[in-house]
Protein chains: 4
Amino acid sequence: MGNTRLTEHYTDSRTKRQQILDAAYEIFSRKGYHQATVDEIIALADTGKGTVYNYFVNKEQLFYTLIKERSSPFETALQQIVDSSEPPLPKIESMIKEYIAFYVVNADLWRVMMHEVRGLGTAGHSNFSEKQRDKYRIWFKSTIGMLEIVLNECIAAGEIRQCDVTKTAYALFSVIVMMVFQKFVSDDIDETAKAVSNVFLYGVTNR
Amino acid sequence: MGNTRLTEHYTDSRTKRQQILDAAYEIFSRKGYHQATVDEIIALADTGKGTVYNYFVNKEQLFYTLIKERSSPFETALQQIVDSSEPPLPKIESMIKEYIAFYVVNADLWRVMMHEVRGLGTAGHSNFSEKQRDKYRIWFKSTIGMLEIVLNECIAAGEIRQCDVTKTAYALFSVIVMMVFQKFVSDDIDETAKAVSNVFLYGVTNR
Amino acid sequence: MGNTRLTEHYTDSRTKRQQILDAAYEIFSRKGYHQATVDEIIALADTGKGTVYNYFVNKEQLFYTLIKERSSPFETALQQIVDSSEPPLPKIESMIKEYIAFYVVNADLWRVMMHEVRGLGTAGHSNFSEKQRDKYRIWFKSTIGMLEIVLNECIAAGEIRQCDVTKTAYALFSVIVMMVFQKFVSDDIDETAKAVSNVFLYGVTNR
Amino acid sequence: MGNTRLTEHYTDSRTKRQQILDAAYEIFSRKGYHQATVDEIIALADTGKGTVYNYFVNKEQLFYTLIKERSSPFETALQQIVDSSEPPLPKIESMIKEYIAFYVVNADLWRVMMHEVRGLGTAGHSNFSEKQRDKYRIWFKSTIGMLEIVLNECIAAGEIRQCDVTKTAYALFSVIVMMVFQKFVSDDIDETAKAVSNVFLYGVTNR
DNA sequence: CATGAATGAGTATTCATTCAT
DNA sequence: GATGAATGAATACTCATTCAT
């Protein structure tokens, strides 16, 4: 409160928002969506309750913002691999590595998200509005879509045999997620990625 | 009213209990555990609220009963396959078939259960008591364990190469569940099972 | 079921009613009126729930019956003392003895009753209907009234000084009840009665 | 809105809390603990339901707070009399006066409390937790204890004869409470106190 | 912008009572 | 008469959201 107020204000403002997001990440990951309470989040964020509602329209949108901000760099990284000039098979391995690295960090939050969106497939009531859930589904399909693109490149290059790329992409995805959830991932992500791609790829290659 | 009184009585009793279980299955599957309300369940079951509490000590135990009654025949079926004299590889395919058939029917309820038990791995708050969650975890591991047993038989028989059977079992499991959740399962379960075992097994065989 | 059915019936019927009353006495005494549940009572009485409602119109009337049946011999005993030809002061002591003997047995149930009737004085909602509560009040006043009668005899006989007999009767009563509630009553009721009447009659001063 | 903001804030805060306490006092006194509903309390307090739970952790603790805040000045007043340099006998009379004044105001609430704590003696189920009930018992015994202290002073001073001071203190207490409950207390508390101490000290005999 | 006091819709659970058998 | 399955009214407590300061 003084001549530095404006600067402080701006700085504090950024900080507050981030504090809330960080706390929300922690609490949502630990407790799930419903069990996480705004009270817990603000306690961890060291802010007032009203502040949360200055930055986020409601709990649902706070969660959504969290997901969006966390997934954005991941999506970019995946896209860069797709766009790169690597050969198809190493591309797959790079993407697996990226996936594992991402889920190792965000496993719990993503589990919560996926549950609320109901396996990204079925209808039915949820803590989220249908409109919101569609956004998650679209985002989710777009990342899986990148896997499909590269799988198609592999097929075109004759590296793997003909198969349903959508199902294959999902299969790959499900195995990765399971590995992370079950804590099967060693500290050396490269090694784990190699193991997954090994089991996976050389099962579907032409020989 | 008459000579069938006793039977009627018993039948009616079963009916009420079963009505509640059926309704609970429906609502829990659609809404998840927390979002499912006892009011909705009794509305669908066409019973009074107190009736639910005559048969089940609380919402948690109602859910547990549901899981237990549904999983029991599945576990038995799996066990029979394990104990059978089929050769190892067909055993795997039979188990996949059984798994798919089970999850096609119980996908939603099981998703709910697995979410509440937190991926059956991590700690953290839940709607379930820790004691209860342990029961689910033990049950879950026992079914996965049956897969592991047969995978070991396959290795012993030289049908598949040396590998971490636990991870492999989980991988197989995750792919099956994903197939069901994503509605990738055709009406012909045998066909789907063959496809899964094909992609999966011939990726890990010695050839 | 046979030729002794009628007799058995009658006998069983008496037994059932008494079993319920005995169980109700136990449970009401231990738990209070509200905390006592019909379920607990029938569990202890080893009867069906409906049976309770064959003999008593509802929980309130079951409690009332209990009180009435228990107090009836006590009232009679008090009345006999009043009507006897004992001199006034010994009459007082006899009544004190009777009171103590009664409350030693029925302390808990009576505490519950008196609480529900709200100190037998004030208005306000209760678990009991106003009509019912009036019955308790009338009964209660009648027993206190017997004390008053004898106190008046004492005054007429010049044994005790002029005083407000109503207040005095209540004071005597309150001390007796307190002694019992506080478990100050020794096994030898006569001794306790003597102590009470001593303090009461002669005060605590050194003369 | 202005320079008194802070104060207003504080004042308002007190007001809501106090409104709830006042309403709770009224409802608990009229209905007893169990029969008193939070809905009734908030209706009388003119607050929202959540507000009650902002200030008090639950119904039990609301009740406890009520008792504590009401008894605190009473305890202090008693203690001051004990510590004063008055001669023993007048001390007794002063304490009686204090007791009467206190119970005239708080009779109903205290009756409710004493009933829930079961005559401050016996065990058994209650609406209160055992831990909480112990607090009440301790508090209760400490006030009775002050009476005992002064009674001992009286004995030491030769003002009253040797007697069991605990029983005597309880006897005195029970008579006071009864006088209040039975509305035997005239507007002139001094007069009532004198009457009580008179009967108590000198008994009812003609000498 | 930051705050937190106030709010009330929403929900699991209890238990006296009924009534068909 | 005896029974107990079925019932639903009643109730404490939670927590996202608002808004005055």
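Residues numbered from 1 in each chain as written. Chains lettered and ligands numbered in written order. Predicted model: local features only at pLDDT ≥ 70, side-chain atom pairs only at ≥ 80, totals over all residues. Heavy atoms only, no water.

Quick question: what am I supposed to make of the environment of A:E75 here?
Residues and elements named next belong to chain A. Here E75 is to be found in helix 4 (residues 59-83). On a C-alpha basis, the gap between E75 and E40 in space is 30 Å, while along the polypeptide they are 35 residues apart. Once residues within four sequence positions are removed from consideration, E75 is found in contact with W139, S142, T143 and M146. (Helix = DSSP H or I, 4+ residues; strand = E, 2+ residues; numbered from the N terminus. Contact = heavy atoms within 4.5 Å.)

Would you mind going over the pattern of salt bridges with me for this structure?
When the charged atoms of two side chains lie near each other, side chains of opposite charge can form a pair. Scanning the model with the defined rule gives 36 salt bridges over all chains in all. The partner of C:R137 in a salt bridge is C:D134, with the nearest N and O atoms 2.8 Å apart. Of the two residues, C:R137 and C:D134 both sit in helix 6 (residues 130-156), three residues apart, roughly one turn of that helix. It is possible to trace a salt-bridge network through shared partners that takes in B:E130, B:R133, B:D134 and B:R137. (Salt bridge = Lys/Arg side-chain N within 4 Å of Asp/Glu carboxyl O.)

Would you mind going over the interface of chain B and chain A with me for this structure?
Note on interface size: it is often stated as the accessible area lost on association of the parts. Contact residues are listed per partner, giving 31 residues for chain B and 32 residues for chain A. With both chains or domains summed, chain B and chain A bury close to 3,000 Å², and 56% of this area falls on carbon and sulfur atoms. Inspection of the region where chain B meets chain A yields zero salt bridges. On inspection of chain B and its partner chain A, the count reaches three residue pairs in polar contact (both at pLDDT 80 or more). (Buried area = accessible area lost by both parts, 1.4 Å probe. Polar contact = N/O pair within 3.5 Å; in protein donor to acceptor, adjacent residues only side chain to side chain.)

Is there a simple way to think about the relation of the copies chain B and chain A in this case?
For the pair of chain copies, the relating transformation is a rotation about an axis with a translation along it. Of the two same-sequence chains, chain B is brought onto chain A (RMSD 0.2 Å, axial shift 0.1 Å) by a rotation of 179°. These values place the two chain copies in the arrangement generated by a two-fold rotation axis. (Least-squares fit on C-alpha atoms with pLDDT ≥ 70 in both.)

What am I meant to see in the packing of aromatic side chains here?
A ring pair, where both rings are aromatic, is described by two values, the distance of the centres and the angle of the planes. All names here are of chain C. Applying the stated criterion to the full structure yields 79 aromatic pairs over all chains. Ring geometry for F28 and F63: centres 4.9 Å apart, planes at 85°, overall edge-to-face. Of this pair, F28 sits in helix 1 (residues 5-35) while F63 sits in helix 4 (residues 59-83); the two residues are 35 residues apart in sequence, bridging distant segments of the chain. According to the relative accessible area criterion, F28 is buried, its value standing at 0%. (Phe/Tyr/Trp six-rings, centres within 6.5 Å; stacked < 30°, edge-to-face > 60°. Buried < 20%, exposed > 50% of the residue type's maximum accessible area, 1.4 Å probe, protein only.)

What am I meant to see in the packing of helix 6 (residues 130-156) of chain B against helix 7 (residues 165-181) of chain B here?
Angle between the axes and distance between the axes: these two values describe a pair of packed helices. All names here are of chain B. One can describe the packing of helix 6 onto helix 7 by two numbers: an axis separation of 9 Å at closest approach and a directional angle of 115°. The hand of the helix 6/helix 7 crossing is right-handed. Judged by residue contacts, F140, K141, I144, L147, E148, L151, N152 and I155 of helix 6 engage V165, T166, T168, A169, Y170, L172 and F173 from helix 7. Of the residues in the contact of helix 6 with helix 7, the class split is ten nonpolar, three polar and two charged. (Axes fitted to C-alpha atoms, helices over the stretch in contact; angles between N-to-C directions. Left-handed = near helix turned anticlockwise from the far one by under 90°. Nonpolar A, V, L, I, M, F, W, Y, C, P; charged D, E, K, R; others polar.)

Mind showing me how you'd approach the packing of helix 5 (residues 88-116) of chain A against helix 6 (residues 130-156) of chain A here?
Residue and element names in this part refer to chain A. The interhelical angle for the contact between helix 5 and helix 6, taken along N-to-C directions, is 160°, at an axis separation of 11 Å. In terms of orientation, helix 5 lies roughly antiparallel with respect to helix 6. As for how helix 5 packs across helix 6, the hand of that crossing is left-handed. Residues P88, L89, K91, I92, M95, Y99, Y103, W110, M113, M114 and E116 of helix 5 form the contact with helix 6, whose participating residues are R133, Y136, W139, F140, T143, I144, M146, L147, V150, L151, E153 and C154. Here the contact of helix 5 with helix 6 is built from residues that sort into 18 nonpolar, one polar and four charged. (Parallel < 35°, antiparallel > 145°, perpendicular 65-115°, else oblique.)

Sorry, what's going on with the domain arrangement of chain A here?
Residue and element names in this part refer to chain A. Per the domain assignment, the segments making up chain A are domain 1 (1-56) and domain 2 (57-202). Contact residues are listed per partner, giving 16 residues for domain 1 and 19 residues for domain 2. At the boundary of domain 1 with domain 2, total buried surface from both sides reaches about 1,600 Å², with 66% on carbon and sulfur atoms. Area buried by domain 1 at its contact with domain 2 is led by Y25, Y33 and F56, which between them contribute 48% of it. The interface formed by domain 1 and domain 2 includes six residue pairs in polar contact (both at pLDDT 80 or more). Elements with a contribution of two residues or more to the side of domain 1 that touches domain 2: helix 1 (5-31) and helix 3 (49-55). Per element, the largest residue contribution to the side of domain 1 that touches domain 2 is seven residues, and it comes from helix 1. Tallied by class, the residues present in the side of domain 1 that touches domain 2 amount to twelve nonpolar, three polar and one charged. (Domains from an automatic or database assignment.)

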